Amino acid sequence: MKESKFRRLRRDELEEVTPQFIKFLSVNGIDADSWVRIKVDEPQHADALILQFSQIVFSGVIERVEYLIQRKPHDLRTYRTGPDKIEMRGLLLSGETSVDLTDAELPPQEIFDRLKADGARPKLYSAERAYLPIGRDQDIFLRMEEGALIDNGDLFQLLDGLK
């Protein structure tokens, strides 16, 4: 098998896509009894099959990613992933505030109202760059491995409109 772009799915992740994994095994001529035998008698082959399936899953997910969001208590980064570049819009909080940007349920208007009431200073920042030489999919995967989650883009659009 060629070099892997992505890591192997963890057990909990694999459990979430069990029906798709069963179909993958079936397409490869492996029924339930054969899979049990392979896991016991050929663990390296079983691991290679899981790794191959993992590549398919991650590739399929990442190819559809348009927006990502990464939240820290006082730093929010949103990303738009284009075909050739990735754009970032961020919000950094300075000063004492009760606002916790990891709270995904907090509506944007409430964030700004509470910041104003607390006297905290929000700083907007932005950047954009071409994808790393490893390519779009692996660049996005790295962002996700660092804690970025797939998002609908609403906060990116809001921050983009404020800059």
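Scope of this entry: the structure provided in the associated data block.

Focus: the overall build of the chain
Link 1 in the chain: Looking only at helices and strands, the chain features seven helices and five strands.
Link 2 in the chain: Relative to the 2.2 N^0.38 estimate, which gives 15 Å for 163 residues, the radius of gyration of the chain is 21 Å and therefore markedly larger than a compact globule would have.
Link 3 in the chain: In terms of principal-axis extent, the alpha carbons of the chain reach across some 65 × 30 × 20 Å.
Link 4 in the chain: Intrachain contacts of the chain at a sequence separation of at least 6 include 68% that bridge at least 24 residues.
Link 5 in the chain: Counting only carbon and sulfur atoms, one obtains 53% of the accessible surface of the chain, whose full area is about 10,200 Å².

Re the layout of surface pockets
In this approach a probe as big as a water molecule rolls over the atoms, and the regions it shows empty are the leftover space.
Link 1 in the chain: The computed volume of the largest pocket comes to approximately 420 Å³.
Link 2 in the chain: Taken together, 17 residues form the lining of the largest pocket, with Leu14, Phe21, Trp35, Lys39 and Ile50 sitting closest to its centre.
Link 3 in the chain: Considering only residue class, the lining of the largest pocket consists of 10 nonpolar, one polar and six charged.
Link 4 in the chain: The computed volume of the second largest pocket comes to approximately 240 Å³.
Link 5 in the chain: Arg7, Leu9, Glu13, Phe58 and Met144 are the residues nearest the centre of the second largest pocket, which is lined by 13 residues in total.
Link 6 in the chain: Secondary-structure elements contributing two or more residues to the lining of the second largest pocket are α1 (11-16), α4 (43-63) and α6 (136-145).
Link 7 in the chain: A per-class count over the lining of the second largest pocket returns nine nonpolar, no polar and four charged.

Here's the deal with a nonpolar patch on the surface
Link 1 in the chain: Where nonpolar side chains cluster on the molecular surface, the patch consists of Leu124, Leu158 and Leu162 and spans about 220 Å² of accessible area.
Link 2 in the chain: As for its placement among the helices and strands, Leu162 is situated in helix α7 (residues 154-162).
Link 3 in the chain: A residue is classified by how much of its surface remains accessible, and Leu162, at 42% relative accessible area, is partly exposed.

Rules used throughout
Per chain, residues are indexed from 1 in the order of the written sequence. Whole-chain, interface and lining totals are the exception, using all residues; otherwise, since this is a predicted model, local features are given only for residues with pLDDT of at least 70 and side-chain atom pairs are given and counted only at 80 or more. In computing side-chain values, all of the structure's heavy atoms are included and hydrogens and water are not. Segments assigned H or I by DSSP are reported as helices when at least four residues long, segments assigned E as strands when at least two residues long, and all are numbered from the N terminus. We compute the radius of gyration over the C-alpha atoms and compare it with the globule rule, which gives 2.2 Å times the number of residues raised to the power 0.38. In what follows, residue pairs with any heavy atoms lying within 4.5 Å of each other are defined as contacts. What sets the accessible areas is the Shrake-Rupley method with a 1.4 Å probe; for residues, cover comes only from the shown protein chains. Grid spacing is 1 Å over the protein atoms alone, the probe is 1.4 Å, and a cavity is where that probe fits but cannot get out, while a pocket is an open set with protein on both sides within 12 Å along at least five of seven lines and lining residues have an atom within 4 Å of a point. Grid points are joined across faces, edges and corners, and a volume is the space filled by probe spheres set on the points. Side-chain classes are defined by residue name, with Ala, Val, Leu, Ile, Met, Phe, Trp, Tyr, Cys and Pro counting as nonpolar, Asp, Glu, Lys and Arg as charged, and the others, Gly among them, as polar. Only residues whose relative accessible area exceeds 30% and that form no salt bridge enter a patch; like-charged residues are grouped when within 9 Å of one another, and nonpolar side chains (Val, Leu, Ile, Met, Phe, Trp, Tyr) when within 5 Å. Salt bridges, as used here, are contacts in which a Lys or Arg side-chain nitrogen is within 4 Å of a carboxyl oxygen on Asp or Glu. We call a residue buried when its accessible area falls under 20% of the maximum for its residue type, exposed when it is over 50%, and partly exposed in between, using a 1.4 Å probe and counting protein chains only.

So, to be careful, I would describe these as geometric facts and stop short of saying anything about function.
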